[in-house]
Amino acid sequence: MKDPERTSYLNKAKKFLSTPAGIALTLLCAAVFITGIVYLITTTKILYVGWNILHAPTMLLLNILPVLLALLLFFFLTRKIGFSCSLVGIVLIFFAVVDRVKVSMRQEPLLPTDLTLAKEVIAILKTFPVYQLVLIGVMLIVFAALPVCSFLKSKAIALPPLPRILGLVLVLACGFGANHLWYANQALYDSYPTVDNPYFQVNQYNTRGMIYSFLHQFNIMQVQAPEGYTAADIRTLEDTDWTPSVSTEKRPHIIMIMGEAFSDLSENEHLDFTGYRDPMKNWKEICAEEGTISGHIVVPNFGGGTSNTEYDVLTGCATRYLGSSLPSYSFIHSDFDGMPRQLQKLGYETLSIHPGYAWFYNRQNVYPDLGFAASYFLEDSFDLATQGYGGYVNETATMDKIIETLDTHIKETDTPLFSFTVTIQNHGPYEKKYGTLEQNFSSDIELNETQTDLLTQYFQGIGDADEQIGRLKEYAEDSDEPIVLVYFGDHLPGFSNGMEFFWITPLMPTARRRNSLPFTKHPTSSGKTKAQKHSKIQKRQRKSACRRTDSSTRSSSALLCWSYSCLTMNPLCSMKIISYAENC
């Protein structure tokens, strides 16, 4: 038999929850609860964050407010409290999980622009192990089923049309007003404390909250015109003929390759390859030869964002100056006077090679805008079924296409060729990427099984790239044609344990990206060919300032100056490589 007192209490509670005050209190409690869950998922130092919130409580309120407004919006639309709470909660928790995964793999939080990369994300997911895909699929099904079930089960609260319409208008007005006053306010955002380095975006999200930070990023995506910019000045520059006089002397073919996640993690005092094949054997031998220049570059991303490095290198412009979280290629929609187009003016034929999907980062449209007359992508030039390794087209097949296109060009024409390639084999994730492998290195630091395998998988891919570097060197030395080869990495690898390796080993002091590996072959005064090798110029970055090269650099190393200067934001870098090609 039911307890009358308990039944009476429940009836009173239900009656209160159907009143405006009860509805408001329920939604407010739900907003606080959802915000707390998001914080727990995305924040790694919850105690420090709690301490900062005590000192800046409005920071927490700025995370709760959007959740509350979203709950009110869906309530006024559907009149269902349960559905509103489950829908908003599931969406935000899903975003929080995605943020946590992205941070672990790329040390970058969830950004509004990630919502535009659905096709790219799906393509990457296809390379994940089956068990991970199953877990992701189950999670998505559960996340989708909960709001649907809630909608079907929950009862709509009686609410006249006029209050609903007024409520919707008020919610939207508050949303727009709050966004203008607070979420778009850069000074306010910067005034809040952060855990550890305040310039690291992950720390900003960790402390200030994913919800607040995400909405702030949404407001600052638009590129702002730099100080002193006028459209008239740009038109004047565009109308000026910057093309240098073309030399009648034969110019070299330029083969430029950007290696996927190619970096010097192996050059660390805590890692040893005695008894194993050094994954950068050929690279180090070339760098050790007389006349070789080697060093490092700083690129605009960690663990991903390949197109940003491409943009910096091919245009001479800097991603960091765009002031946007969008991929740099998103801003190229018409002819761009970058390096490929400048070389075309000197009589070069231009082509690009990427054994990935043409639509990834919109390369199929961006490459022609940059001045590439021909492009070779996965869809038309490679076969993943027969050439795949670790989920992507292997290094050997990529190098086959580079050499094949150069051979064909040499046989069919006397004009010089500029060939630009972005490799893809060693793209993460690295968990069992190449299957079960024997450990290929030793370390004086104790690593667990997962850490050991991640490095083993990564070094396997680096070793494959290094073998093709050696092959390319031999090809250039055996050729009678003048050839310049350039090789550099796009970013450090994005391991699933995030920055863990860079503190455990410790790799941070030496784990900067290797830049270019060019070899130049051109006729000597005796009419014979001689291999002249160059490599990378070292560059350091101090916070937001970068050191530039000496403008008096010799023309014989100007190609290196170009590769270096692009990443130090030198707007005239394209002119430097043109000068070099002319003098060769």
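Owing to the predicted nature of the structure, the values given are computational and were not obtained by experimental measurement.

Caption draft 1: Expanded view of the nonpolar core. Ranked by internal contacts, the top residues of the largest apolar core, which has 44 residues, are Phe262, Tyr458 and Phe459. Listing elements by their share of this core, those giving two or more residues are β1 (253–259), α13 (281–288), β4 (349–354), β7 (392–393), α19 (395–412), α20 (449–478) and β10 (483–489). Counting residues per element, this core draws most heavily on α20, which supplies 10 residues. Leaving out residues up to four positions away in the same chain, Tyr458 has contacts with Ala261, Phe262, Ser263, Leu265, Asn426, Tyr430, Pro493 and Phe495.

Caption draft 2: Looking closely at the pairing of β1. When you tally the buried positions in β1, you get 7 out of 7 residues, the bulk of the element. Along β1, one buried face is formed by His253, Ile255, Ile257 and Gly259 and the opposite face, lined by Ile254, Met256 and Met258, is buried too. Strand direction decides the pairing type here: β1 and β10, joined by 7 bridges, are parallel. Directly across from Gly259, in β10, lies its bridge partner Gly489. Relative to strand β8 (residues 417–422), β1 runs parallel, the two being bridged by 5 bridges. Opposite Ile255, over in β8, you have Ser419 as the bridge partner.

Caption draft 3: Looking closely at the packing of aromatic side chains. Scanning the entire structure with this criterion turns up 25 aromatic pairs. Between Tyr357 and Trp359, the ring centres sit 5.2 Å apart and the planes meet at 15°, which makes this aromatic pair stacked. Geometrically, the ring pair formed by Phe360 and Tyr361 is edge-to-face, given 5.1 Å between the ring centres and 65° between the ring planes. Take Phe360: its relative accessible area is 14%, and that puts it in the buried class.

Caption draft 4: Quick look at helix α2 (residues 20–42). Between its first and last C-alpha atoms α2 spans 33 Å; for 23 residues at 1.5 Å apiece the expected length is 33 Å, and the two agree. Within α2 the residues assigned to the buried category are Gly22, Ile23, Leu27, Ala30, Ala31, Ile34, Thr35, Val38, Tyr39 and Thr42.

Caption draft 5: Local environment of the pairing of strand β5 (residues 374–377). Taken together, the 4 bridges between β4 and β5 define a ladder with parallel strand orientation. If you follow Leu351 over to β5, its bridge partner there is Ala374. Handedness of the crossover joining β4 and β5 through helix α16 (residues 363–370) is recorded here as right-handed.

Caption draft 6: Seen up close, unusual backbone geometry. For the bond from Gly428 to Pro429, the omega torsion is 5°, close enough to zero to count as cis. Topologically, Pro429 is positioned in the loop between β8 and β9 (442–443). Unusually for a residue other than glycine, Ala261 sits at a positive phi of about 55°. Within the fold, Ala261 resides in the loop between β1 and β2 (271–272). Phi at Tyr361 takes a positive value of approximately 60°, unusual for a residue other than glycine. Secondary-structure assignment places Tyr361 in the loop between β4 and α16. Look at Tyr361 and you get buried, because its relative accessible area is 14%.

Caption draft 7: Region of interest: α20. Its 30 residues place the ends of α20 44 Å apart at the C-alpha level, agreeing with the 44 Å of an ideal helix rising 1.5 Å per residue. Counting buried residues along α20, 22 of its 30 residues qualify, which places the element largely inside the surrounding structure. Between the side-chain oxygen of the N-cap and the backbone nitrogen of Thr450 there are 3.1 Å, and the N-cap of α20 in question is Asn448.

Caption draft 8: Examining the side chain of Ser213 more closely. The topology assignment puts Ser213 in helix α11 (residues 210–219). Residue class for Ser213 comes out buried when judged on its relative accessible area of 0%. One polar contact links Ser213 to Tyr189, side chain to side chain, over a distance of 3.1 Å. Leaving out residues up to four positions away in the same chain, Ser213 has contacts with Tyr189, Gln204, Tyr205 and Arg208.

Caption draft 9: Molecular detail of the confidence of the model for the chain. In the predicted model, the chain carries a mean pLDDT of 79, and 79% of its residues have values of at least 70. Counted against residues more than four places away or in other chains, residues 508–584, with its pLDDT under 50, gives 226 contacts.

Caption draft 10: Fine view of the environment of Leu271. Note that Leu271 resides in strand β2. Overall, the relative accessible area of 6% leaves Leu271 in the buried class. Each C-alpha atom, one on Leu271 and one on Ser443, is 4.7 Å from the other, the two residues being 172 residues apart in sequence.

Caption draft 11: Region of the structure containing the pattern of salt bridges. Counting across every chain of the model gives 10 salt bridges. Among the ionic pairs, Lys102 bridges to Asp114, the shortest N-O distance being 2.5 Å. Of this pair, Lys102 sits in helix α5 (residues 81–106) while Asp114 sits in the loop between α5 and α6 (118–125), placing them 12 residues apart in sequence. Assigned by exposure class, Lys102 and Asp114 land together as buried. Between Glu404 and Lys401 there is a salt bridge, with its nearest N and O atoms 3.5 Å apart. Of this pair, Glu404 and Lys401 both sit in helix α19, 3 residues apart, roughly one helical turn. Classification of Lys401 by relative accessible area gives buried; the value is 11%.

Caption draft 12: Fine view of the packing of α13 against α20. Where α13 meets α20, the closest approach of the two axes is 7 Å, and the angle between their N-to-C directions is 45°. Accordingly, the angle class assigned to the pair α13 and α20 is oblique. Between α13 and α20, the residues in contact are Lys281, Asn282, Trp283 and Ile286 and Asp466, Glu467, Ile469, Gly470 and Lys473, respectively. Considering only residue class, the contact of α13 with α20 consists of 3 nonpolar, 2 polar and 4 charged.

The rules behind each value
Every chain is numbered independently, its residues counted from 1 as its sequence is written. Two thresholds apply to this predicted model, a pLDDT of at least 70 for residue-level local features and 80 or more for giving and counting side-chain atom pairs, whereas whole-chain, interface and lining totals are computed over all residues. To get the side-chain values, all heavy atoms of the structure are used, and hydrogens and water are removed first. As used here, the term nonpolar core means buried Ala, Val, Leu, Ile, Met, Phe, Trp, Tyr and Cys residues forming a set that is joined through side-chain atoms within 4.5 Å. Exposure classes here rest on a 1.4 Å probe applied to the protein chains alone. A residue is buried below 20% of its type maximum, exposed above 50%, and partly exposed in between. Put simply, DSSP marks the helices as runs of H or I at least four residues long and the strands as runs of E at least two long, and each gets a number from the N terminus on. Contacts were defined at the residue level, with two residues in contact if any of their heavy atoms lie within 4.5 Å. Whether two strands pair comes down to DSSP finding at least two bridges between them. Two aromatic rings, drawn from Phe, Tyr or Trp (for Trp, its six-membered ring), form a pair once their centres lie within 6.5 Å of each other, and the interplanar angle then sorts them: stacked below 30 degrees, edge-to-face above 60, tilted otherwise. Here a helix's expected span is defined as the number of its residues, less one, multiplied by 1.5 Å. With its strands directed away from the observer, a crossover is right-handed exactly when the path from the first strand over the helix to the second travels clockwise. Under the rule applied, a polar contact is a pair of N or O atoms within 3.5 Å (in protein, one hydrogen donor and one hydrogen acceptor; residues adjacent in sequence only if both atoms are side-chain atoms). Looking at any residue, its pLDDT shows the predictor's confidence there, from 0 to 100. Any Lys or Arg side-chain nitrogen located within 4 Å of an Asp or Glu carboxyl oxygen qualifies as a salt bridge. Only C-alpha atoms enter the line fits that serve as axes; for helices the fit covers just the stretch in contact. Angles between N-to-C directions range over 0 to 180 degrees. Just so you know how the angles are binned, under 35 degrees is roughly parallel, over 145 roughly antiparallel, 65 to 115 roughly perpendicular, and the rest oblique. Residues were grouped as follows: Ala, Val, Leu, Ile, Met, Phe, Trp, Tyr, Cys and Pro as nonpolar; Asp, Glu, Lys and Arg as charged; and all remaining residues, including Gly, as polar.

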